[in-house]
Amino acid sequence: MKADRYAEIRQDCILAFANQPQIQAKLGYQHIAVTGGTGFLGTWIAETVAALNDEHQLGITLNLYARNVNDWAQKYPHLSQRNDIHLKSQDVRSSFEFARNTTAVIHAAGIPNNRVHSSDPLRVHQTTVLGVNNALEAATQLDNLTRFLNVSSCLVNGTPDRSGGLTESAYFPIPCGQLHSVYAEAKRAAESLAAIYRSQFRIPISTIRPFTFVGPYQELDRPWAINSFLRDALTGSEIRIHGDGNARRSYLYGSDAAWWTLAALVNSGDGNVYNIGSSAPVTHNELIKIIRECIGAPLKVNLNTAPSQDGRQDDLFPETTFTAKSLGVIQTCSLGQAIDKTWRWYSSERDSRRSL
Amino acid sequence: MTLRGKLKVAIIGSGNIGTDLLIKIMRSEHMICTLFAGRNFNSAGMKRANLLGVTISDRGIEAIVNDPAICDLVFDCTSAHAHIEHWAILEKLGKYVIDMTPAKLGVFCIPAINAAECLNGGIRNINMITCGGQSSIPIANAIAQVHNNIEYIEVASSIASRSAGPATRHNLDEYIETTQDALQNFSNARRTKAILILNPANPPIDMQTTIYAKIANPDLPAIHSAVMAMVEKLKAYVPGYKLIVPPTIEGDKVITTIKVLGAGDYLPQYAGNLDIINCAAIAMAELIATSNLTSEA
Amino acid sequence: MTKKILISDPTLRDGNHAVRHQLSRESFIAYCRAAEAAGVPIVEVGHGNGLGASSMLVGECSLTDDEILSLSRANLINSKLGIHVIPGFCTIKNDLVKAIEAGVDVFRVASHCTEADITDRHIGYIRQAGKQAFGVLMMSHMTSPAILLEESKKMESYGAEAIIIMDSAGAYFPEDVTERISTLVDGLNIPVGFHGHNNLGMAIINSVNAVNAGATIIDGTIRGFGAGAGNTQLEVLVAVFERLGFETGINLYKILDAADIAEKEFNPVAPHVSPLSIVSGLAGVFSGFSKPVGRAAQDYHVDPRDIFFELGKRNAVAGQESLIIEVARELAALNSVKDS
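From a predicted model like this one, the values you see are computed outputs, not experimental measurements. (Residues numbered from 1 in each chain as written. Chains lettered and ligands numbered in written order. Predicted model: local features only at pLDDT ≥ 70, side-chain atom pairs only at ≥ 80, totals over all residues.)

## Observations regarding the overall build of chain C
Logical step 1: Along the backbone of chain C there are 14 helices and 10 strands.
Logical step 2: Since a compact globule built from 340 residues should have a radius of gyration of about 20 Å, the 19 Å found for chain C is in line with a globular shape.
Logical step 3: Principal axes of the C-alpha set define a box for chain C whose edges measure 65 × 45 × 45 Å.
Logical step 4: By residue count, 65% of the 340 residues in chain C fall in the buried class.
Logical step 5: Relative to all contacts within chain C whose residues are 6 or more apart in sequence, the contacts with residues 24 or more apart total 79%. (Helix = DSSP H or I, 4+ residues; strand = E, 2+ residues; numbered from the N terminus. Rg over C-alpha atoms; globule rule 2.2 N^0.38 Å. Buried ≥ 20, exposed ≤ 12 C-beta atoms within 10 Å, placed from the backbone. Contact = placed C-beta atoms within 7 Å.)

What follows is the structure, encoded as structure tokens:
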């Protein structure tokens with residue numbers, strides 16, 4: 001059962017980097033450090049690197065830095081026991097050093113879980129701001145650094161007050177001094193720090209801004225719409241949609257998210273920002289329809305209607321023309337496929353928990 | 001075993017509890033803090049420890065694994081979850097551990113009640129229960145000395161909202177369950193219940209705990225003298241411990257209220273809840289330190 | 001378009017405060033059936049302070065939580081079964097697991113208005129189990145609209161699917177409600193609700209103002225049966241909303257019948273705006289304190305109104321009933337000094 005799951009993930013990764021020989025070649029023999037390496041993105045990067053090395057003998061090494069690496073190592077031995085993947089226990093709030101041979105850094109440490117944004121905003125702020133500072137400091141000591149990729153967030157753009165996709169240069173005001181904007185503000189500060197190190201210390205820095213991702217390795221307890229829908233469908237509960245169900249989001253599958261990130265590592269330009277996300281939005285209502293089709297069973301759905309706020313369209317998804325053109329990437333996994341894969345992953349997780 | 005006759009202690013966890021313990025240890029004649037280990041050099045506790053000239057590390061438990069001789073006793077001020085892993089390591093290294101988390105792996109310890117037992121029989125993991133437990137259980141135990149078949153004991157603590165950090169808030173359930181278990185253990189009551197209230201009043205309130213005991217035909221004078229004797233024992237290691245409402249009969253229950261004023265070492269005085277569990281831990285460590293000295297002499 | 005209002009009825013929960021948590025099995029059965037017949041959408045049951053709160057501190061319940069839940073579950077079909085829980089009293093292991101097994105539909109997870117972060121794990125657990133979780137902020141008059149919004153957003157981030165603010169002391173005036181509800185409606189993505197108390201005779205108008213400001217969930221209890229001066233009176237609320245054209249889905253005649261049933265069933269304790277509850281509203285102290293304050297005043301021969309105002313000065317919060325005796329003792333000592 002387990003082996004099948006990982007075999008499917010391997011196929012997803014292979015599909016994501018198929019027909020991309022140039023990017024693959026540039027990734028060859030890189031020594032990549034990933035902070036926040038055991039998170040969703042880091043884990044998918046590990047899967048992708050493992051696939052690249054096994055399929056194309058690229059000789060990439062990966063150092064994953066994270067606060068608690070033991071749980072991950074135990075959970076995913078198919079990754080942790082490989083000799084091209086190394087785990088390093090490190091809290092990025094404390095200053096640290098990268099391995100001397102590191103050629104590229106993906107700084108993905110951060111706390112996107114919005115429960116923690118509420119409960120421990122200080123840790124969120126420090127992990128983001130001190131974290132990027134310490135990672136940049138460590139990067140200045142590297143002899144062979146070719147790229148420092150700062151993983152930011154789509155939230156730095158602010159909350160859109162109009163419909164349509166967000167370009168990298170779009171911005172909307174963020175209220176100052178509000179607890180719920182701590183994460184966005186910290187990510188903005190992190191982008192500023194990255195700009196400072198690029199300009200003042202000539203570090204080759206570029207930025208990616210993730211939108212919503214989906215797939216195995218995602219934690220379903222995160223209160224984001226797609227997680228709630230999947231979880232409620234999984235438990236056979238009624239799915240409750242906040243608002244009228246017309247809010248639109250887009251979802252990029254883990255293998256594409258990881259491959260786009262690796263593409264940015266070798267194809268991005270200094271100071272540039274790239275949206276990472278699907279440019280094909282769906283409303284919550286449409287998303288539920290897709291989940292229903294995938295499960296093949298009826299779902300109880302209820303609109304948990306809040307009075308609509310001045311009737312505007314609630315949209316959060318990227319415009320990815322710049323990313324696609326400059327990085328040379330495409331979305332290989334459709335939303336329907338992504339939901340199907342994610343659904344089966346969580347069903348088997350649930351079953352294996354039950355059998356315990 | 002000892003450095004200039006002092007017990008070498010390490011603190012893991014650089015939050016409020018760990019840092020306040022450090023300040024208290026600095027005053028001790030029998031202990032010296034040889035390691036203060038956390039995860040983050042930028043934390044306030046780490047900076048304070050550094051200023052005090054204590055060896056600091058951001059490697060957590062690994063700092064001890066890498067240099068086992070650095071200490072004889074470890075205060076674990078991390079989390080219940082982390083303590084499980086820590087104890088597995090520290091047990092192998094043969095360290096004394098005073099567990100400040102509600103992990104419940106070791107022996108429940110209230111110095112005023114069972115200090116001696118905790119030192120005997122090769123016990124190496126001493127669990128300090130919870131702040132509410134340290135303040136209320138001695139009273140419950142004193143009442144139980146008079147009435148050995150208490151039907152029900154309940155303890156309700158209110159603490160200043162500002163003294164409850166993110167970890168306390170996150171672990172409310174563990175707080176309640178551990179306090180209830182220990183309460184049962186030290187009072188033999190048939191049923192026990194623990195309640196915690198966070199009070200946001202500004203300026204912050206002092207920690208206050210009320211102990212309710214349901215007893216058929218209570219012997220109030222005997223309860224009174226047992227409680228007063230217990231309060232004296234507590235005051236020996238928790239200077240800010242104070243009886244506010246002495247045992248009083250109300251309907252079918254005996255009610256006692258106590259207040260704990262913190263020492264104000266690293267934390268403000270209103271954080272009596274954090275102070276009392278630290279005072280209790282220090283009392284135990286001092287006993288271990290002095291018994292070692294005795295055995296060497 | 002008519003406004004649809006979700007009515008949540010805590011008669012069998014808040015009402016327990018009025019009878020020192022002694023509601024009988026018969027009362028639970030009779031009222032569940034009456035509410036079901038009237039089409040009340042959510043029937044909230046339990047100890048006055050929620051599951052796991054039966055205690056000497058806030059009063060022991062004559063029925064166990066298990067008994068209350070199974071009784072109520074058996075007598076509710078279309079009406080959803082709701083409960084109230086306050087972390088610090090309840091725990092996931094002791095209470096929520098059982099409630100989920102017992103078939104509770106709606107979990108209202110409450111904290112004092114500035115302490116929403118203690119509800120993180122409980123709301124998360126309920127959502128993981130696929131159940132509906134509302135966040136409740138009690139004693140909401142004790143903080144500013146901006147802080148209420150911040151705390152509400154915390155609960156929203158934990159997975160709360162609605163936020164209800166409680167006027168636990170019955171201290172609000174209509175404009176206070178408008179200001180707070182509109183702040184929350186503007187700032188949140190989830191529905192907002194209001195739970196009124198009648199200490200100053202404002203419960204109905206406050207609830208109407210809440211709806212006009214955008215609230216879509218309103219709490220009310222039959223005959224106003226609840227803590228202190230009682231809650232927003234449900235049958236009045238239904239009638240007023242019907243006149244105002246707000247749709248509740250509750251049958252007016254049937255809810256009036258329920259009021260008659262309740263009159264017999266809960267007699268003779270239907271709450272009213274007593275002199276003491278007026279003082280509790282003015283002092284901004286939790287309505288549920290009136291019974292223990294009355295008792296302490298008798299025991300220590302002090303004026304209960306003095307106790308209330310002193311509790312107000314000390315910012316007493318629900319669950320701090322132990323403070324009542326301390327205050328009464330101190331007042332008594334002060335009086336004896338004056339007398340001598």
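Further notes follow.
## Concerning the sheet that holds strand S8 (residues 152-160) of chain B
Residue and element names in this part refer to chain B.
Logical step 1: Spatially, 5 strands are ordered S9-S8-S10-S12-S11 in an open sheet, and the strand pairing comes out mixed. Unpaired on one side and paired on the other, strand S9 (191-199) and strand S11 (241-250) mark the two borders of the sheet. Adjacent strand axes in the sheet meet at a mean angle of 15 degrees when their direction is disregarded.
Logical step 2: In this sheet, S9 lies alongside S8 in parallel orientation, the contact comprising 9 bridges. Looking at the pairing, Ile 159 lines up with Leu 198 of S9.
Logical step 3: Strands in contact with helix H6 (residues 131-146) are S8, S9, strand S10 (207-214) and strand S12 (253-260); relative to S10, the strand with the most contacts, it is inclined by about 30 degrees.
Logical step 4: Across the sheet, helix H8 (residues 172-187) is in contact with S8 and S9; its angle to S9 comes to roughly 140 degrees. (Pairing = 2+ DSSP bridges. Axes fitted to C-alpha atoms, helices over the stretch in contact; angles between N-to-C directions.)

## Some details on helix H10 (residues 254-267) of chain A
Logical step 1: Compared with an ideal rise of 1.5 Å per residue, which puts 14 residues at 20 Å, H10(A) spans 20 Å between its outermost C-alpha atoms and is within 8% of the ideal.
Logical step 2: Turning to H10(A), its buried residues are Gly254(A), Ser255(A), Asp256(A), Ala257(A), Ala258(A), Trp259(A), Trp260(A), Thr261(A), Leu262(A), Ala263(A), Ala264(A) and Leu265(A). (Expected span 1.5 Å × (residues − 1).)

## Details of the environment of Pro102(B)
Residue and element names in this part refer to chain B.
Logical step 1: Mapped onto the elements of the fold, Pro 102 is located in the loop between strand S5 (96-99) and strand S6 (107-108).
Logical step 2: Under the C-beta neighbour-count criterion, Pro 102 is labelled buried, with 23 such atoms within 10 Å.
Logical step 3: Along the backbone, Pro 102 and Val 231 are 129 residues apart, and their C-alpha atoms lie at a distance of 24 Å.
Logical step 4: Setting aside residues no more than four positions away along its own chain, Pro 102 makes contact with Ala 80, Thr 130, Asn 171, Glu 174, Tyr 175 and Thr 178.

## Considerations on the packing of helix H2 (residues 25-38) of chain C against helix H3 (residues 65-74) of chain C
All names here are of chain C.
Logical step 1: Interaxial distance between H2 and H3 falls to 9 Å at its minimum, and their mutual angle equals 30 degrees. Accordingly, the angle class assigned to the pair H2 and H3 is roughly parallel. Relative to H3, the crossing made by H2 is right-handed. Seen from H2, the contacting residues are Arg 25, Phe 28, Ile 29 and Cys 32; seen from H3, they are Ile 68, Leu 71 and Ser 72.
Logical step 2: Here the residues of the contact of H2 with H3 are counted per class, giving 5 nonpolar, 1 polar and 1 charged. (Parallel < 35°, antiparallel > 145°, perpendicular 65-115°, else oblique. Left-handed = near helix turned anticlockwise from the far one by under 90°. Nonpolar A, V, L, I, M, F, W, Y, C, P; charged D, E, K, R; others polar.)

## Notes on the environment of Gly236(A)
All names here are of chain A.
Logical step 1: Relative to the assigned elements, Gly 236 resides in the loop between helix H9 (225-234) and strand S8 (239-242).
Logical step 2: Owing to 10 C-beta atoms within 10 Å, Gly 236 belongs among the exposed residues under this scheme.
Logical step 3: Sequence separation between Gly 236 and Leu 335 is 99 residues, and the spatial gap between their C-alpha atoms is 22 Å.

## Quick notes on the interface of chain C and chain B
Logical step 1: In this assembly, 25 residues from chain C lie in contact with 25 residues from chain B.
Logical step 2: When contributions to the side of chain C that touches chain B are tallied by element, the ones reaching two or more residues are helix H4 (92-101), helix H5 (120-128) and helix H14 (322-339) of chain C.
Logical step 3: Examining the composition of the side of chain C that touches chain B, we find that 4 residues originate from one element, H14(C), more than from any other.
Logical step 4: Across the side of chain C that touches chain B, the residue classes tally to 8 nonpolar, 9 polar and 8 charged.

## Considerations on the nonpolar core
Logical step 1: If you look at the biggest cluster of nonpolar residues, it comprises 217 residues, and the most contacted ones within it are Ala140(B), Ile143(B), Ala281(B) and Ile163(C).
Logical step 2: Looking at this core, the element that brings in the most residues is helix H10 (residues 272-296) of chain B, giving 11 residues.
Logical step 3: Here Ile163(C) is in contact with Gly135(C), Leu137(C), Ser152(C), Met155(C), Glu156(C), Leu184(C), Leu188(C), Ile190(C), Val192(C) and Gly193(C), once residues within four sequence places are set aside.
Logical step 4: Counting residues in each nonpolar core, the second largest holds 88 residues, with Ala51(A), Ile85(A), Ile239(A) and Ile241(A) among its members. (Core = buried A, V, L, I, M, F, W, Y, C linked by C-beta atoms within 7 Å.)

## Here we look at the domain arrangement of chain C
Residues and elements named next belong to chain C.
Logical step 1: Domains assigned within chain C are domain 1 (3-266) and domain 2 (275-339).
Logical step 2: Taking only C-alpha atoms into account, the centre of domain 1 sits 26 Å from that of domain 2.
Logical step 3: Every contact between the two is made by 21 residues of domain 1 and, on the other side, 17 residues of domain 2.
Logical step 4: Of the residues that constitute the side of domain 1 that touches domain 2, the class distribution is 10 nonpolar, 10 polar and 1 charged. (Domains from an automatic or database assignment.)

## A word on unusual backbone geometry
Logical step 1: Despite not being glycine, Asn19(A) shows a phi value in the positive range, around 60 degrees.
Logical step 2: The topology assignment puts Asn19(A) in the loop between helix H1 (2-17) and helix H2 (21-27).

## Comments concerning the packing of helix H12 (residues 290-300) of chain C against helix H13 (residues 304-313) of chain C
All names here are of chain C.
Logical step 1: At their nearest, the axes of H12 and H13 sit 9 Å apart, and the two run at 125 degrees to each other. By the angle between their axes, H12 is oblique relative to H13. Here the hand of the crossing between H12 and H13 comes out right-handed. Here Val 293, Gly 294, Ala 296 and Ala 297 of H12 come into contact with H13, specifically with Pro 304, Ile 307 and Phe 308.

## Digging into the confidence of the model for chain C
Logical step 1: For chain C, the mean per-residue pLDDT works out to 93, and 98% of the residues sit at or above 70.
Logical step 2: Interface predicted TM-score (ipTM) for the complex: 0.90; the corresponding pTM is 0.86. (pLDDT = per-residue confidence, 0-100.)

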